[in-house]
Structure formats: C-alpha cells, structure tokens
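Fold and contact review
Listed below, chain by chain, are the residues.
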Amino acid sequence: MTKTLEAPADAGAATRDDRRTSRATRTRRTSWTPRWVAYAQAAPMALVFFLFFVLPLVATFVVSFWNYTEYSIEPAFVATNYTDVFYGCVANLPRLCTTFATYLSTLKFVAIVWAATLAIGFTVAYFLAFHVRTLPMQITLFMICTIPFWTSNVIRMISWIPLLGRNGLVNETLVSAGLIDTPIEWLLYSDFAVALALIHLYTLFMVVPIFNSMMRIDRSLIEAAYDSGASGFQTLTNVIIPLVKPGILIGSIFVVTIVTGDYLTIGIMGGQQIASVGKVIQTQINFLQFPIAAANAIVLLAVVLLTIWGMLRLVDIRKEL
C-alpha cells in the first residue's frame, strides 16, 4: 500500500524536474545566442530605410540652406530661402500671403477629401465586414474595389474628362433631358473636379485599414450589445466605431499625407489654375530653384508631421492595437 502511494509522488517529482531541466536548457541556449544576431537581422531593412528615406531627407534639409541665383546654385548656410517662403506673411496680416493662401487651398482639399473618403470608406468596409457573410464573396468584392488601381493615376484622371467636359457625357445627357439649357462649366477644371478625382483615387486607402479593423472585432460583442437592447445605431456608435478607431486613424494618415503633397491631380483636373503646395514645389523644381523648393518641402513636411501628431494625440494607436 505504501509503495502504491509513493509511486505517483515520485512520478510528479520527476516530471517537475524534467520541466526545470528543459527550462534551464532553453535559458542556456538563449544566453548563448550572440547579441549581434538581432542587429544583423534588422540591418538590411535599416539600411534601406537609411538610404531611401533618411539620407534624401537630410540632403533636402541641407540644400534648403544653400544660396541660388538665376544661373547657379552655391553651397552655403543662409536662411533667406525660408524667409522667402514666408515673405509678407506677417507684415500683410490680416491679408493672406501667397504661402498661407496656398496652404489654405491645399488644406481645403485635404478636409473635403478626408471627410468624403471616410464616409465612403467606412460604409464600404462596414458592408463587406458585416453584411457579406462568406469569405469568398468578401474577397471577390474587395478585389473589385482594387480594380481602379490596375491602371495609373493619370489614366484614371483623364477618364473623367470625357464625362465632365463641356461637351461631355454628363452635360449632353442633362441638356438632352431638358434639365439644363447650357452646359455646366464648373464640372471640369474646377475645385469640384479636383475633389472628385482625389476622392476617386484615394478612397481605397481608407477602406483597407477600416475593413481590417472591422474584421478583428469579436462578433460576440455585437451580439451582446443587441441582447442588451441596443439599437443598430447605438451598437454602431458605442461598439463598432470605438473599436475601429485604429483603422480610421491609419486611413486618415494615408489620405491626409498623400493629398497634402499631391500636385499631379490638382494640375490636371484643375486645368493648371488651382494652387497647391505640391504644385508650387514642382514649379520651383522646373525652374531649377532647388534651394527654395527644398525649403518649401521642409515646411510641408513639418506641417504634415504636425497634422499626424495631432491625430495621434486623439487616438493612442499603440494602445488600441
């Protein structure tokens, strides 16, 4: 009887000893791993990041302090490029200087496009995540959303011209239907055309992160909200939207940063008549005024980083993720 009782105890002790031995072995193996292995693994990506992001940014910052004339660029350390960027911005207040007016025009498009892409992107992502039940159908519909990205931005923008032009399909349809007497002029080469093209180009950047966040929501939370008597709107505002904040923030960062520096869409759809910060920088580069273009780029970068910092203050993305 005594031997029968002692056997399980000995077996348990042996099992605990084996676990301690295994843990000690793993600890010894980990401690034997050289510290440089982790740095070696991160080195390739760090090198790419340094060569293609940090180094060009540092070069742009250095060039922004160089001096230039109509015929030459001279390495120097002067602040005249930054003073030229903000020339008359303080002395002419409350009138807006050229720089402030340009940034105001750019931020206007940023606000319009952000609001529209957020509304459309959230609606599309909500439909795909909660109303499409099968995974193959979700993948199919999501791939349909990516079809516009199979062509270049220029082709997608040019495709609006036959629709919105003075003799385009929209105007001809409205005139033939008797809804208008003369073609609508502001459909093309206007703020409306620019905003429409930007929304068309960048809505998917809002759909993808929001859809990803919605797919990670535990469906039992939504069922619990309905079981507690919450309406669909209450469930949306109190459960879904708070849990989708990281996706909304990531999509907002994508849209805001891209639209802020966009100059190609504004140039084509605006008929080269609408000012933007990116358009100003492009014009200065075309005239080989690299130092002041670099100064404008640094100021634009500071504005973008300040905007992103403000958005990150609203949502702690590290905590939410």
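Residues numbered from 1 in each chain as written. Predicted model: local features only at pLDDT ≥ 70, side-chain atom pairs only at ≥ 80, totals over all residues. Heavy atoms only, no water.

1. Brief notes about the side chain of Asn81
Mapped onto the secondary structure, Asn81 falls in helix α3 (residues 80–85). Those residues in contact with Asn81 that lie beyond four places of it in its chain are Val63, Ser64, Phe65, Trp66, Tyr68, Pro291, Ile292 and Ala295. (Helix = DSSP H or I, 4+ residues; strand = E, 2+ residues; numbered from the N terminus. Contact = heavy atoms within 4.5 Å.)

2. Quick look at helix α10 (residues 204–215)
For α10, with 12 residues, the first-to-last C-alpha span of 16 Å sits near the 16 Å given by 1.5 Å per residue. Those residues of α10 not exposed but buried are Leu204, Met206, Val207, Pro209, Ile210, Phe211, Ser213 and Met214. For α10, the secondary structure elements touched by its buried residues are α4 (98–131), α5 (135–145), α9 (191–202), α11 (219–227) and α12 (232–261). (Expected span 1.5 Å × (residues − 1). Buried < 20%, exposed > 50% of the residue type's maximum accessible area, 1.4 Å probe, protein only.)

3. Observations regarding the packing of α10 against α12
Across the interface, α10 lies against α12 with an axial gap of 8 Å and an inter-helix angle of 160°. On the basis of the axis angle, α10 is roughly antiparallel to α12. For the pair α10 and α12, the crossing hand works out as right-handed. Packed against α10, whose contacting residues are Phe205, Met206, Pro209, Ile210, Ser213 and Met214, the element α12 presents Ile240, Leu243, Val244, Pro246, Gly247, Ile248, Ile250, Gly251, Ser252, Phe254, Val255 and Ile258 at the interface. Among the residues making up the contact of α10 with α12, the classes are represented as 14 nonpolar, four polar and no charged. (Axes fitted to C-alpha atoms, helices over the stretch in contact; angles between N-to-C directions. Parallel < 35°, antiparallel > 145°, perpendicular 65-115°, else oblique. Left-handed = near helix turned anticlockwise from the far one by under 90°. Nonpolar A, V, L, I, M, F, W, Y, C, P; charged D, E, K, R; others polar.)

4. Quick notes on the nonpolar core
Counting residues in hydrophobic clusters, the biggest one holds 39 residues, and the most contacted among them are Ile210, Met214, Ile240, Val244 and Met269. Elements with a minimum of two residues in this core: α4, α9, α10, α12 and α13 (264–269). Considering each element in turn, this core owes the most residues, nine residues, to α4. Other than its neighbours up to four places away in sequence, Met214 contacts Phe122, Ala125, Tyr126, Ala129, Phe130, Arg219, Ile240 and Val244. Core analysis: the second largest hydrophobic core is formed by 18 residues, Phe65, Tyr82, Ala295 and Val299 among them. (Core = buried A, V, L, I, M, F, W, Y, C linked by side-chain atoms within 4.5 Å.)

5. Points about the state of the cysteines
Inspection of every chain in the model, using the stated rule, returns one disulfide. Put simply, Cys89 and Cys97 are joined by a disulfide, and their sulfur atoms are 2.0 Å apart. Judged by the sign of its S-S torsion, about 80°, the bond between Cys89 and Cys97 is right-handed. According to the relative accessible area criterion, Cys89 is buried, its value standing at 1%. With a relative accessible area of 5%, Cys97 lands in the buried category. (Disulfide = S-S within 2.5 Å.)

6. Notes on the environment of Val244
You can see Val244 is positioned in helix α12. Beyond its immediate chain neighbours, meaning those up to four positions away, Val244 contacts Phe122, Ile210, Ser213, Met214 and Ile217.

7. Notes on the packing of aromatic side chains
In this structure the tally under the stated criterion is 11 aromatic pairs. Measuring from ring centre to ring centre gives 5.3 Å for Phe65 and Tyr82, while their planes differ by 45°; the resulting arrangement is tilted. Of this pair, Phe65 sits in the loop between α2 (36–63) and β1 (67–68) while Tyr82 sits in helix α3, placing them 17 residues apart in sequence. Neither residue differs from the other here; Phe65 and Tyr82 are each classed as buried. Geometrically, the ring pair formed by Phe86 and Phe100 is edge-to-face, given 6.4 Å between the ring centres and 65° between the ring planes. Here the residue Phe86 occupies a position in the loop between α3 and α4, and Phe100 occupies one in helix α4, the gap between them amounting to 14 residues. (Phe/Tyr/Trp six-rings, centres within 6.5 Å; stacked < 30°, edge-to-face > 60°.)

8. Regarding the environment of Gly251
Assignment of secondary structure puts Gly251 in helix α12. Separated by 130 residues in the primary sequence, Gly251 and Gly121 place their C-alpha atoms 9.0 Å from one another. With residues near it in sequence (within four places) discarded, Gly251 still touches Phe205, Met206 and Pro209.

9. Structural notes on unusual backbone geometry
The backbone of Tyr189 shows a phi angle near 55°, a positive value even though the residue is not glycine. Looking at the element boundaries, Tyr189 is found in the loop between α8 (169–176) and α9. You will see that Leu288, though not glycine, has its phi angle at about 60°, which is positive. Within the secondary structure, Leu288 is located in the loop between α14 (277–286) and α15 (290–314). Residue class for Leu288 comes out exposed when judged on its relative accessible area of 55%.

10. Remarks on the confidence of the model for the protein chain
Per-residue pLDDT for the protein chain has a mean of 84; in total, 88% of the residues score no lower than 70. Contacts of residues 1–9 to residues separated by more than four positions or lying in other chains number zero contacts, the stretch itself having pLDDT below 50. Here residues 24–29 is modelled with pLDDT under 50, and outside its nearest four sequence neighbours on either side it reaches zero contacts, counting other chains as well. (pLDDT = per-residue confidence, 0-100.)

11. Some points on the pattern of salt bridges
Evaluated as defined, the whole model comprises two salt bridges. Of the charged contacts, one joins Asp191 and Lys108 as a salt bridge, the two residues approaching to 2.8 Å between their closest N and O atoms. Of this pair, Asp191 sits in helix α9 while Lys108 sits in helix α4, placing them 83 residues apart in sequence. On the accessibility criterion, Lys108 (35% relative accessible area) is partly exposed. A salt bridge links Glu185 to Arg166; the shortest N-O distance between them is 2.6 Å. Here Arg166 lies in the loop between α7 (161–164) and α8 and Glu185 lies in the loop between α8 and α9, a separation of 19 residues in the sequence. (Salt bridge = Lys/Arg side-chain N within 4 Å of Asp/Glu carboxyl O.)

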